[in-house]
Amino acid sequence: MQARRQLRYRGPSGWADLNPKQFLQFMAWQLKLDGAPAGKFALLQLWYKIPYLALRQLAPEQLASLCELLDWTLTLPDRWLLPRLVRGGRLWIGPGDGLRYLPFGAFMFAESALLAYTDEPQPKHLVDLAASLYAPRARFWQQKTEGGRLGFDRLRLPAHEAVMEQLPEAVLKGVYLCYVGARQPFPDQFTHLFKPPKPGGSGGESTSWLDVGLNLASKTGALGTFAELEKQPTFLVLTMLDALIGENERLKQAYNT
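Residues numbered from 1 in each chain as written. Predicted model: local features only at pLDDT ≥ 70, side-chain atom pairs only at ≥ 80, totals over all residues. Heavy atoms only, no water.

*Asks:* Can you help me understand the sheet that holds strand E2 (residues 90-93) in this one?
*Replies:* The strands that make up a sheet pair up through hydrogen bonds in the backbone, lying either parallel or antiparallel. Read from one edge to the other, the open sheet built from three strands follows the order E1-E2-E3, with strand pairing classed as antiparallel. Two strands in the sheet have a free side with no partner beyond their single neighbour: strand E1 (84-87) and strand E3 (135-136). In this structure, E1 lies alongside E2, joined through four bridges in antiparallel fashion. Along E2, the bridge assignment pairs Val 86 with Leu 91. (Pairing = 2+ DSSP bridges. Helix = DSSP H or I, 4+ residues; strand = E, 2+ residues; numbered from the N terminus.)

As structure tokens, this is what we get:
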């Protein structure tokens, strides 16, 4: 950066370079300043350690060019930026990048919470989402799953929700942003599962393709019982369900022709 003299500063160039503290600083900008452009200067000072006096020496076009360094914050996060939370005297472990630690049963509850929040943005739905996504670190006598998390048990969810209610708004919104970013590639990866909902579900409600896949799996027994299925990794189950629906569609087309 050229001002009265040449200065060099280093900072993040993408989500992968952020640590949890920096991510919460970003969330504070979004929540407290509503993402106002002026907040970028605060982030430049925090993340790149650029002194305020150095910024004042720059011409407007230089400042505009400098702010463009943060244009990547307009995209969704491509990694899980809040990997661990400390609440209730325990360490809570997140689902990992690409939801790799998340069991399928927890994913189903997370999807329900996301849908509820999309329909009606209420803090309770964010609490439900966080309770589905995070699990306590397993103690030495408890059975561990991938990532050192305690195994999934839907009966524990109410207790998880009571803990997640203590989280600040910035953390809850950060968890939401990470989850939306983590599932963003799914429609391209699982083209049969992530289609628009089918009309005509029970009670007049639409039926998602995920429901269709689970219904097929239960009828054929191809993936075992649901109790077994919900403990499997999310990506593995989605891959199998997507293939199952695709094969079913191909059989229908062959039969109709």
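*Asks:* How should I be thinking about the packing of aromatic side chains in this particular structure?
*Replies:* Two numbers describe a pair of aromatic rings. These are the distance of the centres and the angle of the planes. For the coordinates displayed, the defined rule picks out 16 aromatic pairs. Where Phe 23 meets Phe 26, the ring centres are 6.3 Å apart and the plane angle is 20°; that geometry is what we call stacked. With a gap of three residues between them, Phe 23 and Phe 26 both fall in helix H1 (residues 20-32), about one helical turn apart. The two residues Phe 23 and Phe 26 agree in class, both being buried. Here the aromatic cluster, defined as three or more aromatic residues joined through ring pairs, consists of Trp 15, Phe 23, Phe 26, Trp 29, Trp 47 and Trp 72. (Phe/Tyr/Trp six-rings, centres within 6.5 Å; stacked < 30°, edge-to-face > 60°. Buried < 20%, exposed > 50% of the residue type's maximum accessible area, 1.4 Å probe, protein only.)

*Asks:* What am I meant to see in the pairing of E2 here?
*Replies:* It is a general feature of regular strands that their side chains alternate between the two faces of the sheet. Linkage of E1 to E2, two consecutive antiparallel strands, is achieved through a turn of two residues, within which Gly 88 is found at a positive phi near 60°. Inspection of the sheet shows E2 paired to E3 by two bridges, in the antiparallel sense. By the bridge assignment for E3, Trp 92 is matched with Pro 136.

*Asks:* Explain empty space enclosed by the protein to me, please; I cannot follow it from the model alone.
*Replies:* Sizing a probe to match a water molecule and rolling it over the atoms shows the empty space that remains. Going through the model one piece at a time under the given rule, you end up with one cavity of 30 Å³ or more. Considering only enclosed or pocket space, the largest cavity measures out at about 90 Å³ in volume. Lining the largest cavity are 15 residues; nearest its centre among them are Ala 135, Gly 151, Phe 152, Asp 153 and His 160. Looking at the lining of the largest cavity, the elements that each hand over two or more residues are helix H6 (123-133), E3 and helix H7 (157-164). (1 Å grid on protein atoms, 1.4 Å probe; cavity = no way out; pocket = protein on both sides within 12 Å on 5 of 7 lines; lining within 4 Å. Points joined across faces, edges and corners; volume = space filled by probe spheres on them.)

*Asks:* Help me understand the pattern of salt bridges in this model?
*Replies:* Between side chains of opposite charge, a pair can form when the charged atoms approach closely. A complete count under the given rule lists six salt bridges for this structure. For Arg 183, the salt bridge is made with Glu 111, and the minimal N-O distance between the two is 2.8 Å. Residue Arg 183 is found in helix H8 (residues 169-183), and its partner Glu 111 is found in helix H5 (residues 104-119); the two are separated by 72 residues along the sequence. Here the two residues Arg 183 and Glu 111 agree in accessibility, since each one is buried. (Salt bridge = Lys/Arg side-chain N within 4 Å of Asp/Glu carboxyl O.)

*Asks:* Before we go on, may I ask you to explain unusual backbone geometry in this structure?
*Replies:* Backbone phi values are negative for most residues with the exception of glycine, while trans is the configuration of most peptide bonds. Unusually for a residue other than glycine, Lys 49 sits at a positive phi of about 60°. Position of Lys 49 among the secondary structure elements: in the loop between helix H2 (39-48) and helix H3 (52-56). Phi angles above zero are rare outside glycine, and Leu 99 is one such case at about 60°. Its place among the elements puts Leu 99 in the loop between E2 and H5.

*Asks:* Sorry, what's going on with the layout of surface pockets here?
*Replies:* In this model, the second largest pocket occupies a volume close to 250 Å³. In this structure, the second largest pocket is lined by 17 residues; those nearest its centre are Phe 26, Met 27, Gln 30, Lys 173 and Leu 177. Those elements that provide at least two residues to the lining of the second largest pocket are H1 and H8. Looking at the lining of the second largest pocket element by element, the count peaks at five residues for H1.

*Asks:* Quick question: what am I supposed to make of the nonpolar core here?
*Replies:* In globular proteins that are soluble, nonpolar side chains generally tend to be buried together. Judged by nonpolar contacts, the single largest core of 63 residues is most densely connected at Phe 23, Phe 26, Trp 80, Leu 133, Tyr 134 and Tyr 179. If we ignore the near neighbours within four places in the chain, the residues touching Tyr 134 are Trp 80, Leu 82, Pro 83, Leu 85, Trp 92, Ile 93, Gly 94, Arg 149, His 160, Met 164 and Val 175. (Core = buried A, V, L, I, M, F, W, Y, C linked by side-chain atoms within 4.5 Å. Contact = heavy atoms within 4.5 Å.)

*Asks:* Help me out: how do you make sense of the packing of H2 against helix H4 (residues 60-67) in this one?
*Replies:* Any two packed helices are characterised by how steeply their axes cross, that is the angle between the axes, and by the distance between the axes. Contact pair H2 / H4: the axes reach a minimum separation of 10 Å and the direction vectors enclose 70°. The pairing of H2 with H4 is recorded here as roughly perpendicular in orientation. Within the contact between the two elements, H2 uses Lys 40, Phe 41 and Leu 44 and H4 uses Leu 63, Leu 66 and Cys 67. (Axes fitted to C-alpha atoms, helices over the stretch in contact; angles between N-to-C directions. Parallel < 35°, antiparallel > 145°, perpendicular 65-115°, else oblique.)

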